[in-house]
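Structural overview for review
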Amino acid sequence: MMQMFNEPMVKEWLNLLARPAMDTSQLYASVQPILDEVKSDGDKAIKKFTQNFDQVALQQLELDEKKIAAAEKELSPSLKTAIQLAKVNIEIFHQSQIQKVERIETMPGVWCWRKSVGIEKVGIYIPGGTAPLFSTVLMLGVPAKMAGCKEIILCSPPNAAGSIPPAIIYAASLVGVTRIFTIGGVQAIAAMAYGTESIPKVNKIFGPGNQYVTAAKQLVQQAGVAIDMPAGPSEVCVWADQSCIPSFVAADLLSQAEHGTDSQVLLITNSISIAEAVQKEIDQQLILLPRKEMAAKALENSTLIVLKNTEDAIACINEYAPEHLILSIENAAQIADKIINAGSIFIGNYSPESVGDYASGTNHTLPTNGFAKAYSGVSIDSFVKKITFQQLTERGLTNIASTVMEMAAAEGLQAHSNAVALRVDWIKSKM
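Residues numbered from 1 in each chain as written. Predicted model: local features only at pLDDT ≥ 70, side-chain atom pairs only at ≥ 80, totals over all residues. Heavy atoms only, no water.

This paragraph deals with the overall build of the chain. If you tally the helices and strands in the chain, you get 17 helices and 14 strands. Dimensions of the chain, computed from the C-alpha atoms along their principal axes, are close to 85 × 60 × 45 Å. Per-residue burial over the chain gives 46% buried out of 431 residues. Contacts in the chain between residues far apart in sequence, at least 24 positions, make up 75% of those at least 6 positions apart. Looking at the chain as shown, the accessible area adds up to about 21,100 Å², and 54% of this sits on carbon and sulfur atoms. On the chain, the mean spot of the 35 positive side-chain charges and the mean spot of the 43 negative ones are 9 Å from each other. (Helix = DSSP H or I, 4+ residues; strand = E, 2+ residues; numbered from the N terminus. Buried < 20%, exposed > 50% of the residue type's maximum accessible area, 1.4 Å probe, protein only. Contact = heavy atoms within 4.5 Å. Areas by Shrake-Rupley, 256 points an atom, 1.4 Å probe, with all protein chains shown as cover. Lys, Arg positive; Asp, Glu negative; His and termini not counted. Charge placed at Lys NZ, Arg CZ, Asp CG, Glu CD.)

Laid out in structure tokens, this is it:
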């Protein structure tokens, strides 16, 4: 049962919207020694921690071509078709994000432009656990390939046989992942961050994971390895009014709650009767779910807020900054423009989060834990560096020279001024 709060005062919102606090100092203290040992001992440490945490004695860390080819045969034709269609939609959406190089003449003879260059080596982490997220392979592998990343490394925890689910392998092969390693947890993040005898060091690490994986990503970032974004447990906020269909809203809340016991679920509505109708639907649908215990636990820690004023609801959502926001309200498309803090927005009764999670085309790797106030979800931009260029003609340098020399002198940087003055004098000497 979700906890209901009727017309709470604004000063109460922060407490109601707070995510569960985590003792990161203790978490980091557990993770750092694993990172250090992998950095110093390489493959030997990887195998040790895999045995300790996954109870698997790995003979080799990388999947060979034979196992990769065999994975496709284990999938049903219908699942392969679904994965292929999702890939196409993701490609179509992300293609629109590729920017052409435009040369801009800021003043006569001064040309500037910017070019996107794919990050050379990237690492993708795909969790194992209770749900093999092969969809995340598509969400990360497709834009990585489109961005021009030359090396795409994938790590995922091994099963008892020392392999990983065939759907993950198939999706990785489909999107152009270059190498697949059967390692998970903190040791996988360490391997990609520092490199080992078998696993190459990458320049940036992507992908979700549990609290230990998240802590490992944050720690290696401090050591100079880029990561996609800060992340935490997945979350959804649904805003519903009298135009909603309660069974749809309940299904959306449950689809998030079944991710894990630490998932965040928030319902905002303008009516207690809607809140009660949704809760009734949740109770009916929950008992039929295979992961009902997990979903029920998540719901116990979730919140239902009744706010009758539309502007209050908008303000509350922007304060929460949800990873996913579903607008099951009248005039949803117009009101969506007033939301400034959210990872991804789903507009209307026929736009469930599940579609964005899998196949509409948008990326499902999104900022959580309120980071949507400052971070975007993964896109083509996440996999490129943007290099700026400038080229000046003799006329261009002459035109801008006095401006640069004046500013350099004001900052007391004489060598900066000289670099321009010497060239201008040389140009004049040729005239």
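Our focus in this paragraph is the packing of aromatic side chains. For the coordinates displayed, the defined rule picks out five aromatic pairs. Ring centres of Phe206 and Phe383 lie 4.0 Å apart, and the angle between their planes is 15°; this geometry places the pair in the stacked category. In this pair, Phe206 sits in strand E7 (residues 204–206) while Phe383 sits in the loop between helix H15 (353–358) and strand E14 (384–392), placing the two residues 177 residues apart along the sequence. When its relative accessible area of 0% is taken as the criterion, Phe206 is described as buried. Note on Phe383: relative accessible area 0%, which makes it buried. Both rings, one in Phe248 and one in Tyr350, keep their centres 6.2 Å apart while their planes meet at 70°; by these two values the pair is edge-to-face. One end of the pair, Phe248, is in helix H10 (residues 246–257); the other, Tyr350, is in the loop between strand E13 (344–347) and H15, with 102 residues separating them in the sequence. The ring of Tyr320 has Arg19 lying over it, and the distance from NZ or CZ to the ring centre is 3.9 Å. A cation sits over an aromatic face here: Arg103 above Trp113, 4.3 Å from the ring centre. (Phe/Tyr/Trp six-rings, centres within 6.5 Å; stacked < 30°, edge-to-face > 60°. Lys NZ or Arg CZ within 6 Å of the ring centre and 35° of its normal.)

For helix H6 (residues 134–147), which comprises 14 residues, the first-to-last C-alpha distance of 20 Å matches the rise-based estimate of 20 Å (1.5 Å per residue) to within 8%. Those residues of H6 that sit buried are Ser135, Thr136, Val137, Leu138, Met139, Leu140, Gly141, Val142, Pro143, Ala144 and Ala147. Downstream of H6 by one or two residues, Gly148 has phi in the positive range, about 95°. (Expected span 1.5 Å × (residues − 1).)

Before going further, it helps to spend a moment on the nonpolar core. Counting residues in hydrophobic clusters, the biggest one holds 37 residues, and the most contacted among them are Val122, Val137, Leu154, Ile180 and Phe383. Broken down by secondary-structure element, the contributors of at least two residues to this core are helix H4 (65–73), helix H5 (77–95), strand E4 (121–125), H6, strand E5 (151–155) and helix H7 (166–175). Beyond its immediate stretch of four places on either side in the chain, Val122 contacts Ala144, Cys149, Glu151, Ile152, Ile153, Val202, Lys204, Phe206 and Phe383. The next biggest cluster of nonpolar side chains, apart from the first, holds 33 residues, and it includes Leu27, Tyr125, Phe181 and Val202. (Core = buried A, V, L, I, M, F, W, Y, C linked by side-chain atoms within 4.5 Å.)

Here helix H1 (residues 10–17) crosses helix H13 (residues 310–320) at 40°, and the two axes come no closer than 10 Å. Between H1 and H13, the crossing angle belongs to the class labelled oblique. Seen along the crossing, H1 lies across H13 with a hand that is right-handed. Mapping the contact onto sequence places Trp13, Leu14 and Leu17 in H1 and Asp312, Ala315, Cys316, Glu319 and Tyr320 in H13. Counted by class, the contact of H1 with H13 contains six nonpolar, no polar and two charged residues. (Axes fitted to C-alpha atoms, helices over the stretch in contact; angles between N-to-C directions. Parallel < 35°, antiparallel > 145°, perpendicular 65-115°, else oblique. Left-handed = near helix turned anticlockwise from the far one by under 90°. Nonpolar A, V, L, I, M, F, W, Y, C, P; charged D, E, K, R; others polar.)

Time to look at helix H17 (residues 414–430). For H17, spanning 17 residues, the distance from its first C-alpha to its last is 25 Å, which sits close to the expected 24 Å at 1.5 Å a residue. Here H17 has its buried residues at Ser417, Val420, Val424 and Ile427. The buried residues of H17 all sit within an arc of 95° when viewed along its axis, so they share a single face. Among the exposed residues of H17, those oriented more than 90 degrees off its buried face are Ala415, Leu422, Trp426 and Ser429. (Arc of directions from axis to C-beta.)

To summarise the sheet geometry, strands pair through backbone hydrogen bonds and adopt either a parallel or an antiparallel arrangement. One open sheet accounts for three strands, arranged E2-E3-E14; its pairing is antiparallel. Unpaired on one side and paired on the other, strand E2 (104–107) and E14 mark the two borders of the sheet. Each strand axis lies, on average, 30° off the axis of its neighbour in the sheet, ignoring direction. Where strand E3 (residues 110–118) meets E14, nine bridges bridge the pair, whose relative direction is antiparallel. Counted as the bridge partner of Lys115 is Ile387 from E14. Seen against the sheet, helix H16 (residues 394–410) touches E2, E3 and E14 and runs at an angle of roughly 90° to E14. (Pairing = 2+ DSSP bridges.)

Before going further, it helps to spend a moment on the sheet that holds strand E9 (residues 235–240). An order of E1-E11-E10-E9-E12-E13 is seen for the six strands of this open sheet, with the pairing classed as parallel. Each edge of the open sheet is held by one strand with a lone partner, namely strand E1 (3–6) and E13. Neighbour to neighbour, the strand axes of the sheet diverge by 15° on average, direction disregarded. With six bridges joining them, E9 and strand E10 (residues 264–269) adopt parallel strand pairing. Note on E10: the bridge partner recorded for Glu235 is Gln264. On top of the sheet, H10 reaches E9, E10 and strand E12 (324–328); it is set at about 170° to E9, its chief contact.

Taken as a whole and judged by the stated rule, the model has eleven salt bridges. Asp228 is the salt-bridge partner of Lys217, the closest N and O atoms lying 2.8 Å from each other. Here Lys217, found in helix H9 (residues 211–222), pairs with Asp228, found in the loop between strand E8 (226–227) and E9; they are eleven residues apart in sequence, far enough to count as distant. Like Lys217, the residue Asp228 is buried in the burial classification. A salt bridge links Lys373 to Glu319, with the shortest nitrogen-to-oxygen separation between them at 3.2 Å. (Salt bridge = Lys/Arg side-chain N within 4 Å of Asp/Glu carboxyl O.)

Everything listed is a geometric property; what it means functionally is a separate question.
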